[in-house]
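Examination of the molecular architecture
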Amino acid sequence: MQGSEGAQDAIESGPAHRKPARIWRPWALLVAGGVLAAAIGTWLVWFSVVVQRNFNEADIRAACQRMMPDTADRCYDTVVIQRGGVRR
């Protein structure tokens, strides 16, 4: 008798257990896609800021080297501080 009761419980609980999974699956995929898109977007913004900062530093160094070759490092530090950056 116990064997048939266990089988009947499995039959009764089977479809009821699978139904919520079908409902939540699209939402889980949507949330996972949103998190992935947010992570990639955040990384792209960070990367563009780093690249832009490197280009700006190179431009400042080149300008200081052209205008004041003897004190280019001091010129660079002064310009960075005036623009609100941090000393190196």
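Here, the structure is the one placed above.
This report concerns the structure included in the present document.

Calculation notes
- Residues numbered from 1 in each chain as written.
- Predicted model: local features only at pLDDT ≥ 70, side-chain atom pairs only at ≥ 80, totals over all residues.
- Heavy atoms only, no water.
- Helix = DSSP H or I, 4+ residues; strand = E, 2+ residues; numbered from the N terminus.
- Buried < 20%, exposed > 50% of the residue type's maximum accessible area, 1.4 Å probe, protein only.
- Areas by Shrake-Rupley, 256 points an atom, 1.4 Å probe, with all protein chains shown as cover.
- Phe/Tyr/Trp six-rings, centres within 6.5 Å; stacked < 30°, edge-to-face > 60°.
- Lys NZ or Arg CZ within 6 Å of the ring centre and 35° of its normal.
- Core = buried A, V, L, I, M, F, W, Y, C linked by side-chain atoms within 4.5 Å.
- Disulfide = S-S within 2.5 Å.
- Salt bridge = Lys/Arg side-chain N within 4 Å of Asp/Glu carboxyl O.

From N to C terminus, the chain includes 2 helices and 0 strands. Buried positions account for 8% of the 88 residues belonging to the chain. Looking at the chain as shown, the accessible area adds up to about 7,900 Å², and 63% of this sits on carbon and sulfur atoms.

Our next topic: the packing of aromatic side chains. A complete count under the given rule lists 1 aromatic pair for this structure. With 5.1 Å between their ring centres and 10 degrees between their planes, Trp43 and Phe47 make a pair best called stacked. Of this pair, Trp43 and Phe47 both sit in helix 1 (residues 2-67), 4 residues apart, which is roughly one turn of that helix. Residue Phe47 is classed as partly exposed on the basis of its relative accessible area, which comes to 40%. Here the guanidinium or amino end of Arg61 rests over the ring plane of Tyr76, the centre of that ring lying 3.9 Å away.

Further remarks concern the nonpolar core. Formed by Ile60, Cys64, Cys75, Tyr76 and Val80, the largest nonpolar core amounts to 5 residues. Going through the elements one at a time, helix 1 and helix 2 (72-82) are the ones with two or more residues in this core. When residues of this core are assigned to their parent elements, the largest contribution, 3 residues, is made by helix 2.

Take the environment of Val80 next. Mapped onto the elements, Val80 comes out in helix 2. For Val80 and Glu57, which are 23 residues apart along the polypeptide, the C-alpha to C-alpha distance reads 8.4 Å.

This part takes up helix 2. Count 3.6 residues to each turn of an α-helix, and residues three or four apart come out pointing the same way. Within helix 2, the full set of buried residues consists of Ala72, Cys75, Tyr76, Asp77 and Val80. Gly84 occupies a position one or two residues after helix 2 and carries a positive phi of about 95 degrees.

This paragraph deals with the state of the cysteines. Inspection of every chain in the model, using the stated rule, returns 1 disulfide. Two residues, Cys64 and Cys75, share a disulfide whose sulfurs are 2.2 Å apart. Taking the sign of the S-S torsion, -65 degrees for the link of Cys64 and Cys75, the bridge is left-handed. Of the two residues, Cys64 is situated in helix 1 and Cys75 in helix 2; the sequence distance between them amounts to 11 residues.

Looking now at the pattern of salt bridges. Scanning the entire structure with this criterion turns up 1 salt bridge. Put simply, Asp73 and Arg61 hold a salt bridge, and the shortest N to O gap is 3.9 Å. Here Asp73, found in helix 2, pairs with Arg61, found in helix 1; they are 12 residues apart in sequence, far enough to count as distant. Residue Arg61 is classed as partly exposed on the basis of its relative accessible area of 35%.

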